[in-house]
Amino acid sequence: MQTLFVTGGAGFIGCNFVRYTLDKHPDVRVVVYDKLTYAGRLENLQDIQAKHGKRLVFVQGDICDGAAVDAAIGENQVDTIVNFAAETHVDRSIMDPDAFIRTDVYGTYVLLEAARKAGNLRYHQISTDEVYGHIHGDHRSLETDCMAPRSPYAASKASGDHMVAAYYITYGLPVTISRGANNIGPFQYPEKVVPLFVTNALADMPLPVYGDGQQMRDYQHVMDHCAGIDEVLQHGVIGETYNVGTGKEMTNLRMVEIMLDELGKPHSLIQHVEDRQGHDRRYCMNVDKLMALGWEPDYTHEQAIRATVRWYVDNRWWWEPIRSGEFKDYYRRLYGERKVISKG
Ligand code: NAD
Ligand code: TYD
């Protein structure tokens, strides 16, 4: 039986990946290794534990703690590391980059080193389209494009990618990297734009759209991303990087309109506010390389947005306690003093 060590497996994409993997591969065991920061939650794994029992093991720990990582890998006979663990929110990285450097850069190094010491374990790094930076004209980022990150979050993820490549070249560590577009779907912490706006709209609160809302993103369903990661793990070429997204793009404003229409809420909830510092105007990737392996997305942007809205409508038990905790202070700090430009 193969054992995957899934770091950050109690977070949004990690928990969906564990769900996908245990359902699809009956011969795989998963060890989730997670620090349980504000974004990591045991509730995210509850249904999986109930369904798969001993095929899921949870270990609480920090990827920056080398001794704890070595022990968890050794005790669980791990053969593959999939690293989702990261600080992930651009706005938080702008307010305080420190934890991003620690986890996304140093933590990645610790995991690579652990993989090397354990006898060159298979290693997969979860990265992001944000490492390519703002994309001009109608270009779609290729895996071979230079990285040009512009936020502290993106810079820390790009550093992680460089370190992964260095371990492949220097030590022959069998690595792959996948770079995902914006994910949406169940269990996403409501600081990210889609769950933030759905949960605000359900409370008839304004939706703070940064600037003119004409920024372009590729909102892919998290399960399409998970299937893409699985494809790379099964059939990806060692040493290679794969983009994962729909390859299409949509403005933030269009995304908000679809969401409000699905909720039956008025567009007057839209409030244009002061823009994010250094806001990347456009991300868009070419995903032909992954599609050549046989993968393709199931959801269009619109289907992904509507399905996500419905999940949040049906799962208040999950997000209501979050919005009444640490989140309140965060919301006040980020949005409390933010200048409103226009409404509706
Ligand atoms: P998330 O913030 O929901 O979850 C991150 C998880 O990592 C949490 O469970 C947290 O507790 C854990 N974690 C954080 N620091 C840790 C540490 N030092 N040690 C151990 N665990 C730690 O993030 P997400 O949206 O699920 O993103 C997962 C990965 O996917 C990240 O690497 C992110 O950069 C990447 N990614 C995200 C998106 C997106 O749209 N959300 C898109 C592309 C790539
Ligand atoms: P986000 O979910 O933070 O992802 P990323 O910055 O990693 O793409 O934001 C997605 C888009 O939504 C991005 O263009 C910023 C914008 N946005 C808003 O307009 N208002 C908000 O309150 C947030 C959180 C994001």
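Report on the accompanying structure. As the structure is a prediction and not an experimental result, all values here were calculated from the model. (Residues numbered from 1 in each chain as written. Chains lettered and ligands numbered in written order. Predicted model: local features only at pLDDT ≥ 70, side-chain atom pairs only at ≥ 80, totals over all residues. Heavy atoms only, no water.)

Overview of the pairing of strand β3 (residues 56–60)
Phase 1 of the analysis: Examined bridge by bridge, strand β2 (residues 28–34) and β3 share five bridges and lie parallel to one another. By the bridge assignment for β3, V30 is matched with L56. (Pairing = 2+ DSSP bridges. Helix = DSSP H or I, 4+ residues; strand = E, 2+ residues; numbered from the N terminus.)

Considerations on a nonpolar patch on the surface
Phase 1 of the analysis: Residues Y168, I169 and I238 make up a contiguous nonpolar surface patch of roughly 290 Å² in combined accessible area.
Phase 2 of the analysis: Residue placement: Y168 occurs in helix α6 (residues 152–171).
Phase 3 of the analysis: Judged by its relative accessible area of 32%, Y168 is partly exposed. (Patch = residues over 30% accessible without salt bridge, like charges linked within 9 Å, V, L, I, M, F, W, Y side chains within 5 Å. Areas by Shrake-Rupley, 256 points an atom, 1.4 Å probe, with all protein chains shown as cover. Salt bridge = Lys/Arg side-chain N within 4 Å of Asp/Glu carboxyl O. Buried < 20%, exposed > 50% of the residue type's maximum accessible area, 1.4 Å probe, protein only.)

Some details on empty space enclosed by the protein
Phase 1 of the analysis: Evaluation of the coordinates by the stated rule reveals two cavities of 30 Å³ or more.
Phase 2 of the analysis: Approximately 60 Å³ is the volume attributed to the second largest cavity.
Phase 3 of the analysis: Grouping the constituent residues of the lining of the second largest cavity by class yields three nonpolar, four polar and four charged. (1 Å grid on protein atoms, 1.4 Å probe; cavity = no way out; pocket = protein on both sides within 12 Å on 5 of 7 lines; lining within 4 Å. Points joined across faces, edges and corners; volume = space filled by probe spheres on them. Nonpolar A, V, L, I, M, F, W, Y, C, P; charged D, E, K, R; others polar.)

Quick look at the packing of aromatic side chains
Phase 1 of the analysis: Under the counting rule described, the total for this entry stands at 16 aromatic pairs.
Phase 2 of the analysis: When the ring of Y312 is compared with that of W318, the centres are 6.3 Å apart and the planes differ by 75°; the resulting orientation is edge-to-face. Per residue, the accessibility class of Y312 equals that of W318, and both read buried.
Phase 3 of the analysis: A network of ring pairs unites the aromatic residues Y38, Y189, Y210, F327, Y330, Y331 and Y335 as a single cluster.
Phase 4 of the analysis: The ring of Y38 has R92 lying over it, and the distance from NZ or CZ to the ring centre is 3.7 Å.
Phase 5 of the analysis: If you follow K289 out to its NZ or CZ, it ends over the ring of Y242, 4.9 Å from the centre. (Phe/Tyr/Trp six-rings, centres within 6.5 Å; stacked < 30°, edge-to-face > 60°. Lys NZ or Arg CZ within 6 Å of the ring centre and 35° of its normal.)

Let's talk about the site of ligand 1
Phase 1 of the analysis: Lining the immediate environment of ligand 1, one finds 28 residues, of which I13, D34, T88, Y153 and K157 sit closest.
Phase 2 of the analysis: With respect to ligand 1, the side chain of D34 contributes an N or O atom lying 2.6 Å from an oxygen atom.
Phase 3 of the analysis: Between ligand 1 and the protein, one listed contact pairs a nitrogen atom with a backbone N or O atom of K35 at 3.1 Å.
Phase 4 of the analysis: Only α1 (12–24), β5 (122–128) and α6 provide two or more residues apiece to the shell around ligand 1.
Phase 5 of the analysis: Here the shell around ligand 1 gets three residues from one element, more than from any other, and that element is β5.
Phase 6 of the analysis: Residue classes in the shell around ligand 1 are distributed as twelve nonpolar, twelve polar and four charged. (Near = heavy atom within 4 Å. Polar contact = N/O pair within 3.5 Å; in protein donor to acceptor, adjacent residues only side chain to side chain.)

Re the site of ligand 2
Phase 1 of the analysis: If you check the shell around ligand 2, you find 20 residues, and the closest are E130, P208, R276, H279 and Y335.
Phase 2 of the analysis: For ligand 2, an oxygen atom lies 2.5 Å from a polar atom in the side chain of R276.
Phase 3 of the analysis: A distance of 2.8 Å is found between an oxygen atom of ligand 2 and a side-chain nitrogen or oxygen belonging to H279.
Phase 4 of the analysis: In the complex, the protein chains occlude 96% of the 510 Å² of accessible area that ligand 2 would expose alone.

So, the nonpolar core
Phase 1 of the analysis: Membership of the largest hydrophobic core comes to 67 residues, with the highest contact counts inside it found for F17, V30 and M259.
Phase 2 of the analysis: Grouped together as the second largest cluster of nonpolar side chains are 22 residues, V69, L111, L112 and Y167 included. (Core = buried A, V, L, I, M, F, W, Y, C linked by side-chain atoms within 4.5 Å.)

So, the packing of helix α7 (residues 193–202) against helix α11 (residues 301–314)
Phase 1 of the analysis: Interaxial distance between α7 and α11 falls to 10 Å at its minimum, and their mutual angle equals 50°. The pairing of α7 with α11 is recorded here as oblique in orientation. Along this stretch, α7 crosses α11, giving a crossing that reads as right-handed. Counted together, V194, P195, V198, T199 and L202 of α7 and T308, V309, Y312 and V313 of α11 form the full contact between these two elements.
Phase 2 of the analysis: Grouping the constituent residues of the contact of α7 with α11 by class yields seven nonpolar, two polar and no charged. (Axes fitted to C-alpha atoms, helices over the stretch in contact; angles between N-to-C directions. Parallel < 35°, antiparallel > 145°, perpendicular 65-115°, else oblique. Left-handed = near helix turned anticlockwise from the far one by under 90°. Contact = heavy atoms within 4.5 Å.)

Here's the deal with the sheet that holds strand β14 (residues 340–343)
Phase 1 of the analysis: Taken together, three strands build an open sheet; the order of strands is β8-β13-β14 and the sheet is mixed. Bordering the open sheet on either side are β8 (207–210) and β14, each of which pairs with just one other strand. Recorded for the sheet is a direction-independent mean angle of 35° between the axes of neighbouring strands.
Phase 2 of the analysis: Against the sheet, helix α9 (residues 252–263) engages β8 and β13 (270–273), with an angle of about 155° to β13.

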